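The lines below spell out each chain.
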Amino acid sequence: MSTLLPPSLLPPKALLLDLDGVLLDTRPVMERAWQQVLNEHGLDVPFEEYECHLGRPFADIMERLGFTESEQFHRTYDEASIAASHLAREFDGAVEVLHAFVAAGWLLGVVTSKPLERAAPLLTTLGCPFSTVRTPNGGGRGKPAPDPVLLALTDLGVDPADTVYVGDMAVDQEAARRAGVPYVHAGWGYGCPGAPSPAVAESPKDLLRLLAPGPFLEGSLL
């Protein structure tokens, strides 16, 4: 007859999340920043074209839009994004759900293509105990390469099988697949999942139903 291990001896579970479109609604910030790029540099590329490539590092997006020299664009975008960061809004229930996972013993991490200088202030507003934050500043290739996901796993000391990555773009799904990490698509985010069809959470609170992080007391989110 098998005996359950004490919680402290169970394999650690980790929840990795994208930032834009998963933890925070930053579309108003991105729209304003992109408009500033258009105004300052005389470009004519609708935000919708930029938005199609969300999830990738900025330089990668610029290359896909046909701009090979984009350092000045990036500086403008960074400055405008920081100035407009007050427009970002938490998705309903996201913080409560994260605290529920922490209470159940899960480790939290963020894997985003947003540079650290822009990501850190936004994450601070959430007040959640993230054990790792991986951005393009940390080296390696950006999503959809698996590098940032694998680096986050190294930071946390967990195996891919004991981790779930929640994203909202096809590049998130590909990065998770290439890292060998189970993926859940944030149905409240900005993009559609790729193939094969992954599990989809319709809201942050739906993650509790899909992942069942542990028992909850009466009056909790379940």
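In case you missed it, the structure is sitting above this.
Quick caveat: nothing in here was measured; it's all calculated off a predicted structure.

> I tried to follow the overall build of the chain on my own but got confused; where do I start?
Counting its regular elements, the chain contains nine helices and eight strands. For 222 residues, the compact-globule estimate of 2.2 N^0.38 gives 17 Å, and the C-alpha radius of gyration of the chain, at 18 Å, lies within 12% of that figure. In the chain, the share of contacts with a sequence separation of at least 24, taken over all contacts with a separation of at least 6, comes to 60%. Charge-centre separation for the chain: the mean point of 16 positive side chains lies 3 Å from the mean point of 29 negative side chains.

> Help me understand helix α7 (residues 147-156), please; the structure alone is not making it clear to me.
In an α-helix there are 3.6 residues to a turn, and that puts residues three or four apart on one side. Of the positions making up α7, those classed as buried are Asp147, Pro148, Val149, Ala152, Leu153 and Leu156. Count one or two residues on from α7 and you reach glycine 157, which has phi positive near 70°.

> Help me understand helix α1 (residues 27-41) in this model?
In this model, α1 (15 residues) spans 21 Å end to end at C-alpha, consistent with the 21 Å of a helix rising 1.5 Å per residue. For α1, the set of buried residues is Val29, Met30, Ala33, Trp34, Val37 and Leu38.

> Explain the pairing of strand β7 (residues 183-186) to me, please; I cannot follow it from the model alone.
Regular strands place their side chains on alternate faces of the sheet. A two-sided burial pattern is seen for β7, the buried positions comprising Tyr183 and His185 on one face and Val184 and Ala186 on the other. One ladder, built from three bridges, connects strand β6 (residues 163-167) with β7; its direction is parallel. Bridging across to β7, valine 166 finds its partner in valine 184.

> How should I be thinking about the side chain of threonine 135 in this particular structure?
With respect to the helices, strands and loops of the structure, threonine 135 is situated in the loop between β5 (130-134) and α7. The exposure class assigned to threonine 135 is buried, which follows from its relative accessible area of 8%. A polar side-chain atom of threonine 135 sits 2.9 Å from a polar atom in the side chain of asparagine 137. What threonine 135 contacts, discounting residues up to four positions off in sequence, is Thr112, Lys114, Pro115, Leu116 and Ala119.

> Is there a simple way to explain the environment of threonine 132 in this structure?
Checked against the element boundaries, threonine 132 lands in strand β5. The exposure class of threonine 132 is buried, given its relative accessible area of 6%. Put simply, threonine 132 and glutamine 36 are 96 residues apart on the chain and 31 Å apart in space, counted from C-alpha to C-alpha. Within the structure, the side chain of threonine 132 is placed 2.6 Å from the side chain of aspartate 155, a separation counted as a polar contact.

How each quantity is defined
Residues numbered from 1 in each chain as written. Predicted model: local features only at pLDDT ≥ 70, side-chain atom pairs only at ≥ 80, totals over all residues. Heavy atoms only, no water. Helix = DSSP H or I, 4+ residues; strand = E, 2+ residues; numbered from the N terminus. Rg over C-alpha atoms; globule rule 2.2 N^0.38 Å. Contact = heavy atoms within 4.5 Å. Lys, Arg positive; Asp, Glu negative; His and termini not counted. Charge placed at Lys NZ, Arg CZ, Asp CG, Glu CD. Buried < 20%, exposed > 50% of the residue type's maximum accessible area, 1.4 Å probe, protein only. Expected span 1.5 Å × (residues − 1). Pairing = 2+ DSSP bridges. Polar contact = N/O pair within 3.5 Å; in protein donor to acceptor, adjacent residues only side chain to side chain.

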